[in-house]
Structure formats: C-alpha cells, structure tokens
Amino acid sequence: MIGLRLRQLVFASIIALIAYVFLANVMFPASMGVALDSYSLTIVGKYLCFAILAVALDLVWGYCGILSLGHAAFFSLGGYAMGMYLMRQIGERGTYGHPVLPDFMVFLNWEQLPWFWYGFDAFWFAGLMIFFAPGILAFVFGWFAFRSRVSGVYLSIITQALTYALMLAFFRNEMGFGGNNGLTDFKDLLGYPLTSDGVRVWLMLSSGLALLLSLFLCQKLLATKFGRVLVAVRDSESRTRFLGYRVEHFKLVAFVMSAMIAGLAGALYVPQVGIINPGEFSPLASIEVVVWVALGGRGSLYGAALGAIVVNAAKTFFTGFYPEAWLFFLGAMFVISTLYLPRGILGALEDLAQQVKGKAPKLSQEGLS
Amino acid sequence: MIPVTRSVLYLDGLSVSFDGFKALNNLSIDLAPGELRAVIGPNGAGKSTMMDVVTGKTRPDEGTALFLGSHDLTVLDETEIANLGIGRKFQKPSVIETLTVEENLELALAGNRSPWQAIMQILRPQDHRSMNEVASRVGLTDALDQLGGALSHGQKQWLEIGMLLLQEPKVLLVDEPAAGMTDSETLKTAELLKSLAGEHTVMVVEHDMEFVEALGCKVTVLHEGRVLAEGSLPHVSSNNEVIDVYLGR
C-alpha cells in the first residue's frame with residue numbers, strides 16, 4: 001500500500017510539473033515571475049530524458065536481470081536519428097550553403113548524400129528511425145547473445161564492448177555521422193526555431209509526457225503475465241526454461257522494447273542540448289545510468305526515474321558550485337546506496353514509511369533477489 | 001535407427017562423464033505408460049544426472065533417450081522437452097521466491113508459452129478453477145497470496161508439485177519430494193503421487209526408504225551410474241549387491 005502511494009506520488013509529481021509548466025509558460029506567460037526561464041526548462045527537460053532512459057534500463061535490469069552496460073548506445077542512436085533530421089532541416093543555412101549536404105560532408109568534399117541519410121528530411125521517417133535504429137540493433141545483438149545463453153557479467157561486458165565499438169565507429173569521419181564533432185548547429189524543428197522559448201517549452205513538455213507514457217506502458221506490460229515471466233527469468237532462469245518458456249524470446253522482447261524507449265529518450269534529449277557526438281556512446285555514460293537506477297531503486301520503475309532526476313540534479317549543483325567534488329559525491333552516493341539502501345531511495349522511503357506505521361516490513365515483490 | 005518401443009520413456013546405454021568421472025555408465029531404464037517408478041541409490045549414483053539428461057539439461061556422451069518412442073531427448077532443449085510433456089520437480093525447491101503462490105501456479109498453468117500470449121493472456125474462469133483445485137490438492141489454498149520465498153521448506157515442495165500438476169505433463173520426474181517434510185506430510189505426498197500414476201507416468205527419486213515403501217511400486221536401484229537391481233522393494237532389498245552398496249549391513 002505504502003509503496004503504491006509513493007509510486008503514485010512520483011507519478012503525480014511529474015504530472016504536476018508538466019501542468020505547472022503548461023500553465024505558467026504556455027497559457028499565462030504574461031504573468032511574470034512564475035514561468036520557468038529557458039535555462040531551467042532545458043535542464044528539466046534533460047532530466048526527464050534521463051529519467052526515461054533509466055526506466056528503459058530498469059525494465060531489463062530490474063525486472064529481467066539483464067544488466068546492460070550499453071544502454072547509452074541505444075539512447076545515442078535515437079539521438080543520432082533525431083540529429084540527422086535536424087541536420088537536414090538546416091538546408092542552405094549552413095556555413096557552406098549547400099542545399100542538401102550538411103556542412104561536415106561539404107568539408108570532406110563529399111559529392112552526394114550517403115544512402116543512409118536518405119529520408120531523414122522527413123520528420124515521420126526520422127520518427128520511425130528513432131525507434132527502429134536502436135530496436136534493430138538490440139534485436140540483432142539480443143538474438144545472438146540470448147540464444148547463446150550469454151548472461152550475467154559476461155553479457156554486461158559485451159554490452160560495454162558494443163557501446164565502445166559504436167563510439168569508435170562514430171568517431172570516424174568515413175562513417176558519415178560527423179565524426180568527432182558529431183551533429184550540431186541545428187536550426188529548426190518542424191519549422192520552428194530551436195532556440196525559441198516556445199519550442200523549448202514544448203520539448204520539455206514532450207519529454208515529460210514521454211516519461212509518463214513510458215512509465216505507464218512499462219507498468220501495464222509488467223502487470224501482465226509477461227511481467228511475471230520476466231521476474232521468473234530474473235530469479236530462476238533455468239526453472240523458467242523447465243516450465244516450458246522460451247527464455248531467450250522473453251528477454252529479446254524486453255530488450256528491444258527497452259532499447260526503443262532509450263532511443264526515444266535520446267531523440268528528445270538532442271534538440272534540447274543542441275548536439276550529439278560520439279562521446280554519448282562512451283562506456284562511462286552507460287555505467288552512470290546503472291548508478292541512477294541502483295540509487296533510485298532497482299526493480300521499481302518510479303525509483304529508477306527518481307534516481308535519474310536526483311543524481312542529475314546533484315550533478316548540476318555540484319559541477320556548478322563544487323566541480324572538483326562531483327565525482328567523489330557520485331562515488332559516495334553509489335557506495336552508500338549499495339551499503340545502506342539496497343532497494344534504493346524509493347525502497348528506503350517505503351521501509352521508513354512502514355516503520356512509522358509500525359508494521360513489520362513485508363518482503364517486497366520488487367525487492368532484489 | 002530408432003528402436004521400436006511402446007515405452008513412454010526409453011533410456012538405453014546412457015553414459016555421461018564429467019572430467020573423467022562417469023556420472024552415468026551404460027544406464028538403461030524404461031517406463032511403461034502410467035507406471036509409477038521409484039529410483040533409489042546412494043549419493044553420486046547418477047539419479048540427478050539421469051533427470052538432467054531426460055530434461056535436456058545435460059547431453060549424454062552415448063546412448064539413446066526417447067520420449068513416446070519417437071522424440072529424441074538428446075537433441076531437444078529444456079523448453080522443447082518441457083513443452084512435449086515432461087515435467088520436473090527439482091531436488092532443491094526452486095519456486096519463484098519473489099512471486100506469490102498464485103503467480104507461481106499461473107506460470108505453470110498449461111497453455112501457449114509465447115511472449116505475445118503472455119502479454120495478451122487473461123485468466124479464464126476455468127484457469128482459476130484448476131489453479132484453486134491444485135492449490136487445495138497440495139494444501140496451499142490459504143497461502144495463495146504469500147510470496148514463494150515466505151513458504152516453509154515443505155510448503156515449497158508442495159508448491160513445486162502443484163506447479164508440476166498444472167503443467168499437465170505426460171511424465172513427471174520428481175526429485176526427492178519428501179525432503180524437509182514431516183512424516184504425515186511424507187505419507188500424504190506418497191498418496192498424491194500414487195493417485196497420479198495411471199493417468200501420468202511418474203518417476204520418483206528418493207532417499208527415504210519409508211517413503212519408497214509407501215509408494216509400493218517397482219524400484220530401480222542405481223549405483224555408480226548404472227542399474228544395479230530392479231523389481232519390487234522386497235525383491236531388491238534381498239539382493240546381496242544392493243545390501244552391500246546401499247542398504248548396508
């Protein structure tokens with residue numbers, strides 16, 4: 001009951017945030033002082049995207065036991081798909097004024113658009129690719145990994161290798177994704193200038209809605225028998241096989257869904273920060289996502305979202321005021337959460353609330369195995 | 001060349017070795033339809049390895065393992081074998097601890113096992129009925145909402161047996177069902193297994209001789225990976241070799 005109420009509280013807070021921004025910035029922007037400025041909007045929008053990514057990771061790690069240390073790869077692929085659309089939107093306004101080719105291609109003396117850039121001038125196509133690019137990668141990777149029964153730490157290591165390999169590939173100019181610099185200098189989204197306050201508000205609101213939608217969908221999915229099979233796979237994979245379930249198919253479905261959600265997060269992130277480069281694929285980025293989920297509460301989608309927001313808010317604060325202390329703080333948070341908060345912030349709050357109510361803490365269904 | 005057999009489970013000349021240790025050594029057993037069979041033997045006799053081979057967990061080095069005379073168990077994997085109708089209860093209770101008793105039963109419920117079905121599935125009234133029926137049969141009606149991890153050892157054993165029943169298998173492989181049970185529970189388990197024979201083919205691995213006696217069925221004695229003796233309990237317990245290696249003097 002208490003766990004449920006805490007989750008509702010997280011959900012309600014996100015709705016409240018969206019409603020506030022909608023009222024303050026869209027409906028009544030004239031009443032000064034209450035509207036969020038564009039700096040805060042972008043920051044909040046970024047946190048919301050990270051929260052979506054954390055939810056995606058928690059779906060596979062928290063519920064299915066797949067510790068992916070490469071989820072930033074799916075996030076980045078979604079981001080690149082959006083970035084490619086934004087690059088094509090620049091058109092003739094680039095430094096070199098080429099009507100079709102993005103600046104970096106002109107600089108590399110390319111004559112024409114590589115085939116994989118076709119179609120990205122249409123938003124609907126980019127919109128599909130946001131889901132398909134990470135989804136197909138996850139499908140191919142998961143197909144081979146899960147069929148070969150690679151699991152546990154070995155799977156984690158090859159997911160790290162996956163994101164690292166992609167980072168090295170995207171660094172190469174010949175790949176056609178802008179190399180080291182990535183994609184940037186974006187101008188418009190759907191014809192509206194990215195720097196305008198209106199677009200920033202809508203991007204932040206879309207991120208909030210996307211977070212609510214991913215929370216809702218994942219929760220609905222996990223409430224079905226499918227979710228219970230995932231938990232069974234997490235806690236006793238071989239037992240699930242002997243019950244007649246094709247474990248690799250269940251893992252694959254969850255992994256592909258998770259990758260698609262991560263892709264959506266990346267696609268919403270890129271227009272808000274204005275750049276996507278191969279650094280996003282760095283192994284460290286994926287590990288940070290794991291820290292968010294662990295700190296917020298693994299195996300509880302709301303905890304994961306909360307963790308992403310708390311850690312990133314702390315990161316903004318520390319890197320702004322005590323830049324040298326940030327990494328120590330991150331390390332300390334991880335150690336403290338591992339030692340004292342095995343079920344993360346949300347789990348600790350639940351236990352606390354239980355104690356206040358004077359009940360013996362019940363073994364939670366979503367607790368770690 | 002597949003031998004012609006009417007057996008439900010036909011094992012012939014099975015050998016498995018782990019790092020030179022012969023876990024199974026030319027083992028042959030066959031089970032007739034509807035038979036109840038007890039398999040006994042000291043630790044390391046190859047009882048669990050035999051079940052691993054039958055359920056696809058371990059591949060034999062040599063030998064034949066056929067299900068219903070036509071399915072070659074040495075090439076199928078665990079999921080395929082489970083879906084053919086061979087259910088297994090493990091020695092160590094392995095119910096899903098973070099799911100409730102009811103959810104554990106639901107997972108075991110016979111039916112389509114695809115992810116899509118799992119997403120779309122809504123339990124029908126007859127599903128609830130068969131789950132409740134099994135729950136009362138194994139004495140867990142009052143524990144349906146409890147987490148699997150919160151059950152006592154004996155209750156976990158019962159839950160596993162219940163899950164096995166809901167899978168509606170043709171063959172039940174039951175590994176040490178009486179471990180951790182009180183005497184009366186042990187007898188109840190024996191009664192339950194006896195009532196299953198006929199409709200199902202049941203193979204029980206057990207240490208507890210009282211339990212085997214209560215089953216009152218044909219007994220196979222394993223030793224060092226092969227069959228030492230086979231027959232009724234009085235018959236095998238009068239066998240000198242069996243007395244030497246297992247029952248002790």
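Residues numbered from 1 in each chain as written. Chains lettered and ligands numbered in written order. Predicted model: local features only at pLDDT ≥ 70, side-chain atom pairs only at ≥ 80, totals over all residues.

Chemist: Explain the overall build of chain B residue by residue, including any values.
Modeler: Looking only at helices and strands, chain B has ten helices and ten strands in total. For chain B, the C-alpha radius of gyration of 18 Å lies close to 18 Å, the compact-globule estimate for 249 residues. For chain B, the spread of C-alpha atoms along the principal axes amounts to about 55 × 45 × 35 Å. Evaluated residue by residue, chain B yields a buried proportion of 45% over its 249 residues. (Helix = DSSP H or I, 4+ residues; strand = E, 2+ residues; numbered from the N terminus. Rg over C-alpha atoms; globule rule 2.2 N^0.38 Å. Buried ≥ 20, exposed ≤ 12 C-beta atoms within 10 Å, placed from the backbone.)

Chemist: Run through the overall build of chain A, naming residues and quoting values.
Modeler: A tally of regular secondary structure across chain A gives 14 helices and four strands. Expected size for 369 residues packed as a compact globule is a radius of gyration near 21 Å; at 21 Å, chain A falls within 12% of this value. In terms of principal-axis extent, the alpha carbons of chain A reach across some 70 × 55 × 40 Å. Here chain A, with 369 residues, has 48% of them falling under the buried criterion. Looking at chain A alone, contacts between residues at least 24 apart form 78% of all its contacts between residues at least 6 apart. (Contact = placed C-beta atoms within 7 Å.)

Chemist: Kindly report on the environment of Gly149 of chain B, identifying the contributing residues and their values.
Modeler: Here Gly149 of chain B lies in the loop between helix H5 (125–137) and helix H6 (153–166). Counting along the chain gives 54 residues from Gly149 of chain B to Val95 of chain B, while the straight-line C-alpha distance between them is 7.9 Å.

Chemist: Could you give an account of unusual backbone geometry, with specific residues and numbers?
Modeler: All names here are of chain A. Unlike most non-glycine residues, Asn109 shows phi in positive territory, near 60°. By the secondary structure assignment, Asn109 is in the loop between helix H4 (103–107) and helix H5 (123–147). The exposure class assigned to Asn109 is exposed, which follows from the 6 C-beta atoms found within 10 Å. The phi dihedral of Leu190 is positive, around 55°, even though this residue is not glycine. Take Leu190: it is sitting in the loop between strand E2 (188–189) and strand E3 (192–193).

Chemist: Requested: an account of the pairing of strand E10 (residues 226–231) of chain B, with residues and values cited.
Modeler: Residues and elements named next belong to chain B. When strand E9 (residues 218–223) meets E10, the two strands line up antiparallel, connected through five bridges. In the strand pairing of E10, Leu222 is matched with Val227. With antiparallel pairing between neighbouring strands as the criterion, E9 and E10 make up a hairpin whose turn holds two residues, including Glu224 at a positive phi of roughly 50°. (Pairing = 2+ DSSP bridges.)

Chemist: Can you tell me about the interface of chain B and chain A, naming the residues and giving the values?
Modeler: Contact with chain B, which involves 24 residues of that partner, is made by 24 residues of chain A. Broken down by secondary-structure element, the contributors of at least two residues to the side of chain B that touches chain A are helix H2 (78–84), helix H3 (101–108) and helix H4 (115–120) of chain B.

Chemist: Break down the nonpolar core for me, citing the residues and quoting the values.
Modeler: One finds Ile52, Leu53, Ala54, Val55 and Ala305 of chain A to be the most contacted residues of the largest nonpolar core, which totals 178 residues. Ranked by the residues each element gives to this core, the list is headed by helix H10 (residues 247–273) of chain A, at 18 residues. (Core = buried A, V, L, I, M, F, W, Y, C linked by C-beta atoms within 7 Å.)

Chemist: How would you explain the confidence of the model for chain A if you had to name every residue and give the values?
Modeler: Confidence along chain A averages 88 in pLDDT terms, with 95% of residues attaining 70 or more. For the stretch residues 360–369 of chain A, pLDDT sits under 50, and the model shows 21 contacts to residues farther than four places along the chain or on other chains. (pLDDT = per-residue confidence, 0-100.)

Chemist: So, the sheet that holds strand E1 (residues 9–18) of chain B: which residues are in play, and what are the values?
Modeler: All names here are of chain B. Pairing within the open sheet is antiparallel, and its four strands lie in the order E2-E1-E4-E5. In the strand order of this sheet, the two ends are held by strand E2 (21–31) and strand E5 (71–72), each with one partner. Taken together, the two bridges between strand E4 (residues 62–67) and E5 define a ladder with antiparallel strand orientation. Looking at E5, one finds that Leu66 is bridged to Asp72.

Chemist: For helix H14 (residues 344–356) of chain A, give the residues involved together with the corresponding values.
Modeler: Side chains that are three or four residues apart share a direction in an α-helix, a result of its 3.6 residues per turn. Between its first and last C-alpha atoms H14 of chain A spans 18 Å; for 13 residues at 1.5 Å apiece the expected length is 18 Å, and the two agree. Along H14 of chain A, the residues classified as buried are Gly344, Ile345, Leu346, Gly347 and Glu350 of chain A. (Expected span 1.5 Å × (residues − 1).)

Chemist: Can you break down the environment of Ser70 of chain B residue by residue, with the values?
Modeler: Turning to its location among the elements, Ser70 of chain B is positioned in the loop between E4 and E5. Separated by 47 residues in the primary sequence, Ser70 of chain B and Gln117 of chain B place their C-alpha atoms 28 Å from one another.

Chemist: Describe the sheet that holds E9 of chain B, and please don't skip the residues or the numbers.
Modeler: The pairing of strands in a sheet comes from backbone hydrogen bonds and takes either a parallel or an antiparallel form. Residue and element names in this part refer to chain B. Taken in spatial order, the six strands line up as E6-E7-E8-E3-E9-E10 in an open sheet, and their pairing is mixed. Every other strand in the sheet has two partners, leaving strand E6 (86–89) and E10 as the edge strands with one partner each. Averaged over all pairs of adjacent strands, the angle between strand axes in this sheet comes to 20°, irrespective of strand direction. Together, strand E3 (36–40), E6, strand E7 (171–175), strand E8 (201–205) and E9 form the strand contacts of helix H1 (residues 47–54), whose direction differs from that of E7 by roughly 150°. (Axes fitted to C-alpha atoms, helices over the stretch in contact; angles between N-to-C directions.)

Chemist: Before we move on, can you summarise the packing of helix H2 (residues 38–64) of chain A against helix H7 (residues 197–223) of chain A with the specific residues and values?
Modeler: Residues and elements named next belong to chain A. Put simply, H2 and H7 touch, their axes get as near as 9 Å, and they point 20° apart. When the axes of H2 and H7 are compared, the pair comes out roughly parallel. Read as a crossing pair, H2 and H7 show a hand that is left-handed. The class makeup of the residues in the contact of H2 with H7 is 17 nonpolar, six polar and two charged. (Parallel < 35°, antiparallel > 145°, perpendicular 65-115°, else oblique. Left-handed = near helix turned anticlockwise from the far one by under 90°. Nonpolar A, V, L, I, M, F, W, Y, C, P; charged D, E, K, R; others polar.)

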